[in-house]
There are 2 protein chains.
Amino acid sequence: MDKRAAHIARRMADIEPFHVMDLLARARRLEAAGRSIVHLEIGEPDFPTPEPIMEAGRKALADGHTHYTPAVGLPALRETIAGFYRDRHGVDVSPERIIITPGASGALLLVMAVLLDPGDQVLMADPGYPCNRHFVRTFEGEAVSVPVGPESAYQLTAEHLESHWGERSVAAMVASPANPTGTLVSADTMKRMLAFTAGRGGRLIVDEIYHGLVYDEEAITALAHSPDVFVINSFSKYFGMTGWRLGWIVAPEDYVRSIDKLAQNLFLAAPTPAQHAALAAFQPETLQILDARREAFRERRDFLLPALRDLGFGIPVTPEGAFYIYADSTAFDSDSQRLAERLLEEVGVAITPGLDFGHHRPQAHVRFAYTREIAELEEGVARLRRSLG
Amino acid sequence: MDKRAAHIARRMADIEPFHVMDLLARARRLEAAGRSIVHLEIGEPDFPTPEPIMEAGRKALADGHTHYTPAVGLPALRETIAGFYRDRHGVDVSPERIIITPGASGALLLVMAVLLDPGDQVLMADPGYPCNRHFVRTFEGEAVSVPVGPESAYQLTAEHLESHWGERSVAAMVASPANPTGTLVSADTMKRMLAFTAGRGGRLIVDEIYHGLVYDEEAITALAHSPDVFVINSFSKYFGMTGWRLGWIVAPEDYVRSIDKLAQNLFLAAPTPAQHAALAAFQPETLQILDARREAFRERRDFLLPALRDLGFGIPVTPEGAFYIYADSTAFDSDSQRLAERLLEEVGVAITPGLDFGHHRPQAHVRFAYTREIAELEEGVARLRRSLG
Ligand SMILES: Cc1ncc(COP(=O)(O)O)c(C=O)c1O
Ligand SMILES: Cc1ncc(COP(=O)(O)O)c(C=O)c1O
């Protein structure tokens, strides 16, 4: 073996970076050179962490909470989250089943590591959250990307599971609301998928990270339908705590011990100041702030959605949650990457081309994020009109 | 397939929990029942995070630094760490090669994921840090545990690598100082291991997390010998930031892009408030506090080491760093687990049996951690004398 050749694991050939990063870097360079850029590409709320959470974080530091916590998290936080399921969702979840993680990212990592043997398959929607297929690949599993379109609101259905489930399939995963489409899985579809996976000895993994951000109805947690589901959640999006790196898993009871073992070895624990800060996340005054923010997000969607449709973007399914709009951009260019580059250069609008979200017609789609104030969205739309209208 | 049988990945059968946790739980129950327990089992400094770091953390929150950072970390922190290598170690490391991670744990995870294909071997010392072999197993690699004893200061040597390196070996890993033994790898041995692994197209991974805590000489970073080594470090131990979850990798240049991709997908980023806080970790007033703490640790070692030898524990190699003493306990019991349980019950002293650190004569050894004040160590020794003397 050539001693200068770097030995790199084969999985790395299949793991893609966030392609939008190159565009973002270009946007930053333009900004540094004095250009004004409207950011419609960023998957992170513009709002700061709510003040009661900040206050609890400051207090945690003042009280010297800077040591390791148990691997599965602070008992008080696990209980608080159980209380949230009880109060907000009317679902009884034992705190024992709640595992605190470094973001939903840490949750996804643990769940894949505990479920997947090499070659095991996980079914997921394409388009979808880019990291999902890479988590599966990281643990030598095989992501089975199921092409989805407007006919199923870009979500998996029980019929998809039936037609794609194979010998080596062990799980299916959905996000509701989803990134990049903002669409929900209906209660009926969720129940049918739960019944299907249970019947095959498999598992459903439901990512509810955008759960607090649903605009036209109350989102129902998959835990309301079954205790045998893996639910992933996070303090990042609804709770405005992206940088704190805190999320959680609600695991079926017979996986808790294994996940605990893994968390001990892979993470030691989630960040301590964040865990103490998050204790304030469910207090009434925090929830009041968060619900006002949800209203603001709804207004943004209600502005941006018709404006984009009006411009000629194809948005056949109304996004009901998260802060994303996934749009067919073929009216303007058959290559969404080229379109995104052109919009950035010509009118200083940054959007995310479909490429990051999978292999099913990515060049026909772009994602808009409404993580900026209405005024900026208005400016963005005006600029888009200048270029495309 | 029985639809009630939980599908759990095979790796989970090989991944062990921290066995000491059961003992710790028992200690907590005794404490809750009013018993006084002397804690010599805890692998975490008792000192709080130094005030300048706390202050920077509070300021980060006040300034609203709660959003995601780049996956590889804040540019300013990467530069500050590069400066530390230059100023403290006289070694020139480009900030580009420094990747900020969620603890050394996150660093170990990324390095194993980027290096290991299924079946690939990593050589490591037994006894050693328990998570290492589990990181390897998690990514379907094979940990080759090399039994080490006092004759090599419980460390791997180039001769060990020569005799254990095989067709499927891709890396060897060492920690200097090591957990559980507190011993160092000499500069000469390090150079010979680097030459050996380079000659075989493999890599050396050097865990320098206890690097600041060396008592009889200045520790030399492996980076002084080669730019082609993976160095792992952390803000946890020397910098007193365990709960903040922050560490770093210095990677060989040709791995940086891959590690960045992986970090994007698996972690998104390390905690933001922690990264801002850590900017203060290398300031002169912080280093002054840390060096005073190192002196305190040295005093503790200089008290505990002769006291344990005097009691009859076998400590043939003087631990030169970290805050651990690894001792042969066969003078008291051929089963260190039973001994630890007895000491806890009889005299309320908690220590870690060898079991957690590997399979090479664990029942003959225990680990003492001097992470408590001298007065508590004195009390601990008095109690040990009562039971064993
Ligand atoms: C669908 C989905 N799941 C999980 C995550 C991970 O978020 P975090 O690790 O910050 O909780 C994201 C982040 O964008 C996401 O969009
Ligand atoms: C040798 C060694 N490496 C790595 C770690 C991980 O520490 P952290 O993730 O807190 O940086 C530890 C923790 O005890 C350790 O002893």
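These numbers come from a predicted model, not from an experiment.

**So, the site of ligand 2**
In the vicinity of ligand 2 lie 14 residues, with Y68 of chain A together with S105, D207, S234 and S236 of chain B positioned nearest. Residues within reach of ligand 2 are spread across chains A and B. Residue S105 of chain B places a side-chain N or O atom 2.6 Å away from an oxygen atom belonging to ligand 2. In the model, an oxygen atom of ligand 2 is placed 2.8 Å from a nitrogen or oxygen of the R245 of chain B side chain.

**Concerning the domain arrangement of chain A**
Residues and elements named next belong to chain A. Split by domain assignment, chain A resolves into domain 1 (10-48 + 286-388) and domain 2 (66-283). Summarising the inter-unit geometry, the C-alpha centres of domain 1 and domain 2 are found 25 Å apart. At the junction of the two partners, domain 1 supplies 36 residues and domain 2 supplies 42 residues. For the pairing of domain 1 and domain 2, the buried interface totals around 3600 Å² over both sides, and the portion due to carbon and sulfur atoms is 54%. Linking domain 1 with domain 2 are six salt bridges.

**A word on the site of ligand 1**
The environment of ligand 1 is made up of 14 residues, and the closest members are S105, D207, S234 and S236 of chain A together with Y68 of chain B. Neighbouring residues of ligand 1 are not confined to a single chain but are spread across chains A and B. Side-chain polar atom of D207 of chain A to a nitrogen atom of ligand 1: 2.6 Å apart, as the coordinates give it. Y210 of chain A places a side-chain nitrogen or oxygen 2.7 Å from an oxygen atom of ligand 1. Surface burial for ligand 1 is 97%, taken as the share of its 400 Å² of free accessible area covered by protein chains. With three residues, helix α4 (residues 103-115) of chain A is the largest single contributor of residues to the shell around ligand 1. Of the residues assigned to the shell around ligand 1, the class counts are six nonpolar, five polar and three charged.

**Quick notes on a negative patch on the surface**
All names here are of chain A. On the surface, E79, E96, E253 and D254 cluster together into a patch of negative charge. Within the element layout of this structure, E253 appears in the loop between β8 (247-250) and α8 (256-266). Residue class for E253 comes out exposed when judged on its relative accessible area of 64%.

Procedures and definitions
- All residue numbers refer to positions counted from 1 along the written sequence of the respective chain.
- Starting at A for chains and at 1 for ligands, labels are handed out in the order in which the entities are written.
- Per-residue local features of the predicted model are confined to residues with pLDDT of at least 70, and side-chain atom pairs are confined, for both listing and counting, to 80 or more; whole-chain, interface and lining totals are unaffected and use all residues.
- Computation of side-chain values covers all heavy atoms of the structure but excludes hydrogens and water.
- Note on definitions. A residue lies near a molecule or strand when any single heavy atom of the residue is within 4 Å of it.
- Counted as a polar contact is a pair of N or O atoms within 3.5 Å, where, for protein atoms, one must be capable of donating a hydrogen and the other of accepting one, and residues adjacent in sequence contribute only when both atoms are in side chains.
- Segmentation into domains, and thus their bounds, comes from an automatic or database assignment.
- Any two residues having at least one pair of non-hydrogen atoms within 4.5 Å are treated as being in contact.
- Note on terms: buried area is the combined drop in 1.4 Å-probe accessible area of two parts once they are placed together, counting the loss on both.
- A carboxyl oxygen of Asp or Glu within 4 Å of a side-chain nitrogen of Lys or Arg is what we treat as a salt bridge.
- Values of accessible area rely on a 1.4 Å probe in the Shrake-Rupley scheme; residue burial ignores everything except the protein chains shown.
- In this text, helices come from DSSP runs of H or I with a minimum length of four residues, and strands from runs of E with a minimum of two, each type numbered from the N-terminal end.
- Each residue receives one of three labels: charged for Asp, Glu, Lys and Arg, nonpolar for Ala, Val, Leu, Ile, Met, Phe, Trp, Tyr, Cys and Pro, and polar for the others, Gly being one of them.
- Only residues above 30% relative accessible area that lack a salt bridge enter a patch, with like-charged residues linked at up to 9 Å and the nonpolar side chains Val, Leu, Ile, Met, Phe, Trp and Tyr linked at up to 5 Å.
- Working convention for charge: Lys and Arg count positive, Asp and Glu count negative, and His plus the chain ends are omitted.
- Charge coordinates come from a single atom per side chain, which is NZ of Lys, CZ of Arg, CG of Asp or CD of Glu.
- For each residue, the accessible area found with a 1.4 Å probe, counting protein chains only, is set against the maximum for its type, and the residue is called buried under 20%, exposed over 50%, and partly exposed in between.

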